[in-house]
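Chain by chain, the residues:
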Amino acid sequence: MKKVGFLGCGKIGKALAKHLIESKEGEITFVQDPGFVNDLDLSCPVLSQADESLLAQTDLVIECATANVLKANLELILKHCDLMLFSVTTFSEKETEEKIRTLCKEYGHKVYIPHGAILGIDGIFDGHKIWNEVHITTTKSPKSLGRTDTERTLVYDGPTRAVCSLYPRNVNVHACIALAGIGFDKTHSTIISDPAVSTNAHLITLKGDGMDITLDISSYANGAVTGAYTPHSACGSLDRVLAAEGALRFV
Ligand SMILES: NC(=O)c1ccc[n+]([C@@H]2O[C@H](COP(=O)([O-])OP(=O)(O)OC[C@H]3O[C@@H](n4cnc5c(N)ncnc54)[C@H](O)[C@@H]3O)[C@@H](O)[C@H]2O)c1
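### Things to note about the site of the ligand
Surrounding the ligand, one finds 23 residues, the nearest of these being Lys11, Ile12, Asp33, Arg169 and Thr226. At 3.5 Å from an oxygen atom of the ligand is found a main-chain nitrogen or oxygen belonging to glycine 10. Between an oxygen atom of the ligand and a side-chain N or O atom of aspartate 33, the distance comes to 2.6 Å. Within the complex, 81% of the 860 Å² of free accessible area of the ligand lies under protein. Structurally, the ligand is housed in the largest pocket. Its residues assigned to classes, the shell around the ligand shows 10 nonpolar, 10 polar and three charged.

### Some points on the pattern of salt bridges
Inspection of the entire model under this criterion finds 10 salt bridges. A salt bridge links glutamate 22 to lysine 18; its shortest N-O distance comes to 3.6 Å. Highlighted residues: glutamate 22 and lysine 18, both in helix 1 (residues 11-23), separated by four residues, approximately one helical turn. In this structure, glutamate 93 and lysine 71 form a salt bridge, with 3.0 Å as the shortest nitrogen-oxygen distance.

### Thoughts on the layout of surface pockets
When its volume is computed, the largest pocket comes out at roughly 540 Å³. Secondary-structure elements contributing two or more residues to the lining of the largest pocket are helix 1, helix 8 (172-180), strand 10 (199-208) and strand 11 (211-220). Residue composition of the lining of the largest pocket, by class: 17 nonpolar, 14 polar and four charged. For the second largest pocket, the calculated volume is near 170 Å³. Taken together, the elements giving at least two residues each to the lining of the second largest pocket come down to helix 3 (67-80) and helix 7 (160-166). The element best represented in the lining of the second largest pocket is helix 3, accounting for three residues.

### So, the packing of helix 3 against helix 4 (residues 94-107)
Axis separation between helix 3 and helix 4 bottoms out at 9 Å; the angle between their running directions is 15°. Relative to helix 4, helix 3 is oriented roughly parallel. Where helix 3 crosses over helix 4, the handedness of that crossing is right-handed. When helix 3 is examined against helix 4, the residues Lys71, Leu74, Glu75, Leu78 and Lys79 are found in contact with a partner set consisting of Thr96, Lys99, Ile100, Leu103, Cys104 and Tyr107. Across the contact of helix 3 with helix 4, the residue classes tally to six nonpolar, one polar and four charged.

### Overview of the sheet that holds strand 7 (residues 131-140)
Hydrogen bonds along the backbone pair up the strands of a sheet, which may run parallel or antiparallel. The sheet built from five strands is open, its strands ordered 8-9-7-10-11 with mixed pairing. Looking at strand neighbours, the two that pair on one side only are strand 8 (153-159) and strand 11, the edges of this open sheet. Between one strand axis and the next, the sheet turns by 10° as a mean value, whatever way the strands run. Helix-sheet contacts for helix 8 involve strand 7, strand 9 (188-193) and strand 10, and the interaxial angle to strand 7 is about 170°.

### Observations concerning the environment of leucine 119
The residue leucine 119 is located in the loop between strand 6 (111-113) and helix 5 (121-126) in this model. For the pair leucine 119 and isoleucine 217, spaced 98 residues apart in sequence, the C-alpha separation works out to 8.0 Å.

### Comments concerning the pairing of strand 9
Most of strand 9 sits inside the fold, with five of its six residues counted as buried. Here strand 7 runs beside strand 9; their pairing, made up of six bridges, is parallel. When the sheet's bridge partners are listed, threonine 137 is paired in strand 9 with threonine 190. Taken together, the six bridges between strand 8 and strand 9 define a ladder with antiparallel strand orientation. Looking at strand 9, one finds that aspartate 157 is bridged to threonine 190.

Rules behind the numbers
- Residues numbered from 1 in each chain as written.
- Predicted model: local features only at pLDDT ≥ 70, side-chain atom pairs only at ≥ 80, totals over all residues.
- Heavy atoms only, no water.
- Near = heavy atom within 4 Å.
- Polar contact = N/O pair within 3.5 Å; in protein donor to acceptor, adjacent residues only side chain to side chain.
- Areas by Shrake-Rupley, 256 points an atom, 1.4 Å probe, with all protein chains shown as cover.
- 1 Å grid on protein atoms, 1.4 Å probe; cavity = no way out; pocket = protein on both sides within 12 Å on 5 of 7 lines; lining within 4 Å.
- Sits in = over half its atoms within 2 Å of the grid points.
- Nonpolar A, V, L, I, M, F, W, Y, C, P; charged D, E, K, R; others polar.
- Salt bridge = Lys/Arg side-chain N within 4 Å of Asp/Glu carboxyl O.
- Helix = DSSP H or I, 4+ residues; strand = E, 2+ residues; numbered from the N terminus.
- Points joined across faces, edges and corners; volume = space filled by probe spheres on them.
- Axes fitted to C-alpha atoms, helices over the stretch in contact; angles between N-to-C directions.
- Parallel < 35°, antiparallel > 145°, perpendicular 65-115°, else oblique.
- Left-handed = near helix turned anticlockwise from the far one by under 90°.
- Contact = heavy atoms within 4.5 Å.
- Pairing = 2+ DSSP bridges.
- Buried < 20%, exposed > 50% of the residue type's maximum accessible area, 1.4 Å probe, protein only.

Encoded structure:
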């Protein structure tokens with residue numbers, strides 16, 4: 001049975017921990033989260049800082065905290081474990097992307113990037129050589145974006161790389177698509193804040209020679225950063241990771 005640790009265990013982390021307990025596909029070795037409320041009755045150690053000896057006994061760490069928390073823990077995790085990460089905006093910093101790739105090579109571990117809030121990331125990755133244009137328009141409530149707009153407002157329109165540092169918790173979908181597709185500088189992001197919506201909605205268009213693909217995804221969120229679909233998609237991704245062998249992959 002694979003040994004699994006959590007870095008951050010809120011909405012997504014708890015859905016995954018519950019799924020692991022029910023499926024009996026993995027044993028939870030630790031939860032690293034200073035704000036963790038143990039309403040799942042977990043018997044593993046709960047930490048506020050990384051513990052290298054526990055990492056050394058763990059096969060896979062699941063990050064569902066923030067990009068900054070992930071960055072601070074990257075080296076120690078990849079020294080000992082594979083990593084499935086939800087804060088994909090971490091990859092928007094060139095030096096951090098380089099560091100992740102170097103650490104994977106150095107220690108022989110893998111990074112799994114779940115499809116998270118959207119569908120079709122495998123197909124976007126498959127076509128990465130043939131897309132001429134990739135555009136994502138996200139519409140969320142001001143609360144979800146940490147804003148106070150009282151009317152529909154265009155918040156950002158430009159390359160994906162820059163929006164990742166402006167809204168690191170809200171544009172993981174953009175980062176994931178950029179990483180899988182044509183990169184952070186060529187992918188175009190539009191962010192709209194709309195007080196009339198209670199969903200997180202993503203309209204994704206991909207164009208190549210003779211190809212025009214649209215994905216239109218909306219998930220109830222009620223002001224949260226994470227919509228209703230993501231915890232379910234996360235459990236599916238974890239099942240595939242625990243069953244998988246091989247190199248870096250989108251799951
Ligand atoms: N890839 C995607 O499609 C996608 C979709 C939704 C959310 N996300 C991202 O996934 C992450 C988790 O989302 P969530 O809805 O579970 O968030 P959440 O706020 O419910 O949980 C985050 C957890 O991180 C913990 N945390 C805070 N500081 C920490 C620290 N220093 N060390 C360890 N843990 C710490 C918090 O206490 C909290 O329990 C967020 O970064 C979010 O932006 C990604």
